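# Commentary on secondary and tertiary structure
Listed below, chain by chain, are the residues.
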Amino acid sequence: MGIKESFTDEEWRGLVSLPYAVSMAIVLAAPSLLGTFHESKALITEPAKLAASASSDLVGILSGEIQSRGRELIDEQKDLFKKDQNGFRSRTIEACRSAAAALTKVSSKEAAAYKEWVLAIGQKVAEAAKEQGVAVSEPEEVLLNEVSAALARAHKT
């Protein structure tokens with residue numbers, strides 16, 4: 001059985017969409033016109049760049065799917081935000097918890113690689129534009145900490 005088959009369709013959809021959900025939440029945490037442009041560019045380019053150095057089968061497979069479905073996945077996150085702007089952030093954190101629960105189905109190495117990948121994408125998106133003269137604004141840092149905590153659920157090997 002391959003890695004993808006370890007997950008239900010719903011779990012897999014969650015793992016595929018989470019990098020963009022986290023990235024969109026970061027972009028929206030401290031929005032500015034120029035910042036949104038640079039962060040949106042990072043949102044598109046960073047998943048594949050960071051996957052290349054992840055040394056993870058799971059991340060590699062997910063990255064390939066994300067690259068082939070990028071526009072669709074980004075549009076999906078935009079639609080979710082438009083439907084419930086106030087709840088987007090909390091839904092993203094809940095999606096991180098769901099991903100952490102799903103990741104108990106793979107080795108701790110694969111789970112850790114995925115979590116690190118998602119956090120690294122969020123970090124790169126946050127760093128893509130300075131807000132208030134800093135690389136990562138306080139609202140972005142708070143959100144990254146929330147994402148990290150939600151992904152840090154105990155993992156079974």
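This write-up is about the structure you can find in this document. All values derive from a computational prediction rather than experimental measurement. Residue numbers run consecutively from 1 along every chain, following the written order of its sequence. This being a predicted model, a pLDDT of at least 70 is required before a residue's local features are given, and a value of 80 or more before pairs of side-chain atoms are given or counted; all residues contribute to the totals for chains, interfaces and linings. The side-chain figures draw on all heavy atoms in the structure; neither hydrogens nor water molecules are used.

A few words on the overall build of the protein chain. Scanning the protein chain from terminus to terminus reveals 6 helices and 0 strands. We count a stretch as a helix when DSSP gives it H or I for four or more residues in a row; a strand needs E for two or more, and each element gets its number in order from the N terminus. Ordering the α and β elements of the protein chain from the N terminus gives α-α-α-α-α-α. For 157 residues, the compact-globule estimate of 2.2 N^0.38 gives 15 Å, and the protein chain sits close to it at 15 Å. Its C-alpha atoms give the protein chain principal-axis dimensions of roughly 45 × 30 × 25 Å. With a 1.4 Å probe rolled over the protein chains alone, any residue whose accessible area is under 20% of its type maximum counts as buried; one over 50% counts as exposed, and the rest are partly exposed. Within the span of the protein chain, comprising 157 residues, buried residues form 44% of the whole. The contacts in the protein chain between residues at least 6 apart in sequence include a share of 80% that link residues at least 24 apart. For this measure, only C-alpha atoms enter the radius of gyration; the expected value for a globule follows 2.2 Å times N^0.38, where N is the number of residues. Contacts are residue-level and defined by heavy atoms, with any inter-residue pair within 4.5 Å sufficient.

For helix α4 (residues 88-102), spanning 15 residues, the distance from its first C-alpha to its last is 21 Å, which sits close to the expected 21 Å at 1.5 Å a residue. For α4, the elements touching its buried residues are α1 (9-29), α3 (57-83), α5 (108-127) and α6 (138-151). The span one expects for a helix is its residue count, reduced by one, times 1.5 Å.

A separate point is the environment of Leu-103. Note that Leu-103 resides in the loop between α4 and α5. Accessibility expressed as a relative area gives 0% for Leu-103, which makes it buried. Between the C-alpha atom of Leu-103 and that of Lys-115, which follows or precedes it by 12 residues, the distance is 9.1 Å.

Here we come to the pattern of salt bridges. We count a salt bridge whenever a side-chain nitrogen from Lys or Arg sits within 4 Å of a carboxyl oxygen from Asp or Glu. Taken as a whole, this structure holds 9 salt bridges when the rule is applied. Between Arg-69 and Glu-65 there is a salt bridge, and its shortest N-O distance comes to 2.8 Å. Note that Arg-69 and Glu-65 are positioned in helix α3 at a spacing of 4 residues, about one turn of the helix. Judged by relative accessible area, which is 16%, Glu-65 ranks as buried. Between Glu-94 and Arg-97 there is a salt bridge whose closest N-O contact spans 3.3 Å. Taken together, the residues span about one helical turn, with Glu-94 and Arg-97 both in helix α4 at a distance of 3 residues. Residues participating in the shared-partner salt-bridge network are Lys-4, Glu-65, Arg-69 and Glu-72.

On to the nonpolar core, then. Definition used in this section: a nonpolar core is a set of buried Ala, Val, Leu, Ile, Met, Phe, Trp, Tyr and Cys residues joined via side-chain atoms within 4.5 Å. With 45 residues, the main nonpolar core has Phe-7, Leu-18, Leu-58, Tyr-114 and Trp-117 as its most contacted residues. Among the elements of the structure, α1, α2 (33-52), α3, α4, α5 and α6 are those that each provide at least two residues to this core. Ranked by residues supplied to this core, first place goes to α1 with 12 residues. With residues up to four places along the chain from it excluded, the contact list for Leu-58 reads Ile-3, Phe-7, Trp-12, Leu-103, Val-106, Glu-110 and Tyr-114.

Residues spaced three or four apart along an α-helix point in a common direction, a consequence of the helix completing one turn every 3.6 residues. Helix length check: α6 (14 residues) gives 20 Å between terminal C-alpha atoms against 20 Å at 1.5 Å per residue, within 8%. When we look at burial in α6, the residues that qualify are Glu-140, Leu-143, Leu-144, Val-147, Ala-150 and Leu-151. Buried residues of α6 fall within an arc of 125° about the axis and therefore sit on the same side. Projecting away from the buried face of α6 at angles above 90 degrees are the exposed residues Glu-138 and Ala-149. The arc refers to the directions leading from the helix axis to the C-beta atoms.

Let us look at unusual backbone geometry. Positive phi is not limited to glycine here, since Ser-55 has a value of about 50°. Summarising the element assignment, Ser-55 is placed in the loop between α2 and α3. Accessibility expressed as a relative area gives 63% for Ser-55, which makes it exposed.

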